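Observations on the model geometry
Letter by letter, the chains look like this.
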2 protein chains.
Amino acid sequence: MNKMQKEHALTKNQQIIFDLIDKSPEPMKAYSILFNVQKKGIKAPLQVYRALDKLVEIGKIHKIESRNAFIACHNSSCQVAKATAFSICEICEKVTEISSAGLSKYLANFKDKDGMKYSKYNLEFFGLCKKCRT
Amino acid sequence: MNKMQKEHALTKNQQIIFDLIDKSPEPMKAYSILFNVQKKGIKAPLQVYRALDKLVEIGKIHKIESRNAFIACHNSSCQVAKATAFSICEICEKVTEISSAGLSKYLANFKDKDGMKYSKYNLEFFGLCKKCRT
DNA sequence: AACACTGTGTAATAATATAACATTAATATA
DNA sequence: TATATTAATGTTATATTATTACACAGTGTT
């Protein structure tokens, strides 16, 4: 734990929404989040989207782009959301964050034809999970 | 050209929409497509989405998930949309399809912790393009 | 105090995508 | 040829996802 890397204190709305996503076994969609936090006083879509934007920015959650849904980061080293990879089951829609040193190293070092390197990426793998394969 | 691999004949709507996307120097969004083809008799969003779905399915176009936009496939070998990679400039939004044998081989062979292999994936790299870097 | 910055609350609306139903065209097979 | 089947179309309405615009509150500076 680096003291310089101050733990980002969440605001009330951010904390409520992060807790909900973090508890969820599956990615949550914005309006489903909204529905679930209305009893806590968060009434409008914008309140949800603002918290989501911030949580994504600081790397506490990730957006699954192909599903328009959000998942808590389970990659402890992930302070900033800049290099993400997921596996997605096309039947049950289970999503798992992939943390593979080899993969992240390969992608972080990947250069395109012009020799350009990219520090930020998002990768989504699709297939069938163990359960759904049987 | 394999005779068994019949060239998919596009229907009228599919052809109109493919031509438009193919001509476009940048990814196009569904409602922008709709606006542009209304003079050709395509009047409703659903007509556009149906054509887009089919075109994606047969690999003639790809969806840029992080942008909700569509780009024509420029990877001649891409008969089916199952393994895609793009670079996206965060300033000018220029999108380029990456065709790297090394990358696609690496990803096609990637196994997660459970030994699971995925035949389908989508990868989006973010950064600054040449022009925007200067 | 004045200012900048971040977050909040609220209403309205924009942008993206699908459901449901009726019809027509294309393909296949009896 | 007839008929069954599948894929595509046309249309209306609606669902889902996300942002704009504006007013205000808290915190930390200068």
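Now for a look at the structure at hand. (Residues numbered from 1 in each chain as written. Chains lettered and ligands numbered in written order. Predicted model: local features only at pLDDT ≥ 70, side-chain atom pairs only at ≥ 80, totals over all residues. Heavy atoms only, no water.)

On to the pattern of salt bridges, then. For the structure on display, the rule yields 6 salt bridges over all chains. Notably, a salt bridge pairs Arg67(A) with Glu93(A), separated by 2.5 Å at the nearest N-O pair. Taken together, the residues Arg67(A) in the loop between β1 (61-64) and β2 (69-72) and Glu93(A) in the loop between β3 (83-89) and β4 (95-97) connect sequence positions 26 residues apart. Using a relative accessible area of 22% as the deciding quantity, one classes Arg67(A) as partly exposed. Judged by its relative accessible area of 32%, Glu93(A) is partly exposed. Note that Glu90(A) is salt-bridged to Lys120(B), the shortest N-O span being 3.1 Å. (Salt bridge = Lys/Arg side-chain N within 4 Å of Asp/Glu carboxyl O. Helix = DSSP H or I, 4+ residues; strand = E, 2+ residues; numbered from the N terminus. Buried < 20%, exposed > 50% of the residue type's maximum accessible area, 1.4 Å probe, protein only.)

Residue and element names in this part refer to chain B. With their axes 11 Å apart at the nearest point, helix α1 (residues 12-23) and helix α2 (residues 30-37) run at an angle of 110 degrees to one another. With respect to α2, the axis of α1 lies roughly perpendicular. Where α1 crosses over α2, the two elements pack in a sense that is right-handed. The segment α1 lies against α2, with Ile16, Ile17, Leu20 and Ile21 engaging Ile33, Asn36 and Val37. Across the contact of α1 with α2, the residue classes break down as 6 nonpolar, 1 polar and no charged. (Axes fitted to C-alpha atoms, helices over the stretch in contact; angles between N-to-C directions. Parallel < 35°, antiparallel > 145°, perpendicular 65-115°, else oblique. Left-handed = near helix turned anticlockwise from the far one by under 90°. Contact = heavy atoms within 4.5 Å. Nonpolar A, V, L, I, M, F, W, Y, C, P; charged D, E, K, R; others polar.)

In the vicinity of DNA strand C lie 15 residues, with Gln47(A), Arg50(A), Lys29(B), Leu46(B) and Lys63(B) positioned nearest. Lys63(B) has a polar side-chain atom sitting 2.8 Å from a phosphate oxygen of DNA strand C. Between a phosphate oxygen of DNA strand C and a side-chain N or O atom of Asn68(B), the distance comes to 3.5 Å. Looking at the surface near DNA strand C, the elements with two or more residues in it are α1 (12-23) and α3 (45-57) of chain A together with α3 (45-57) of chain B. For the surface near DNA strand C, the element with the most residues is α3(A), which contributes 4 residues. A class-by-class count of the residues in the surface near DNA strand C yields 5 nonpolar, 5 polar and 5 charged. (Near = heavy atom within 4 Å. Polar contact = N/O pair within 3.5 Å; in protein donor to acceptor, adjacent residues only side chain to side chain.)

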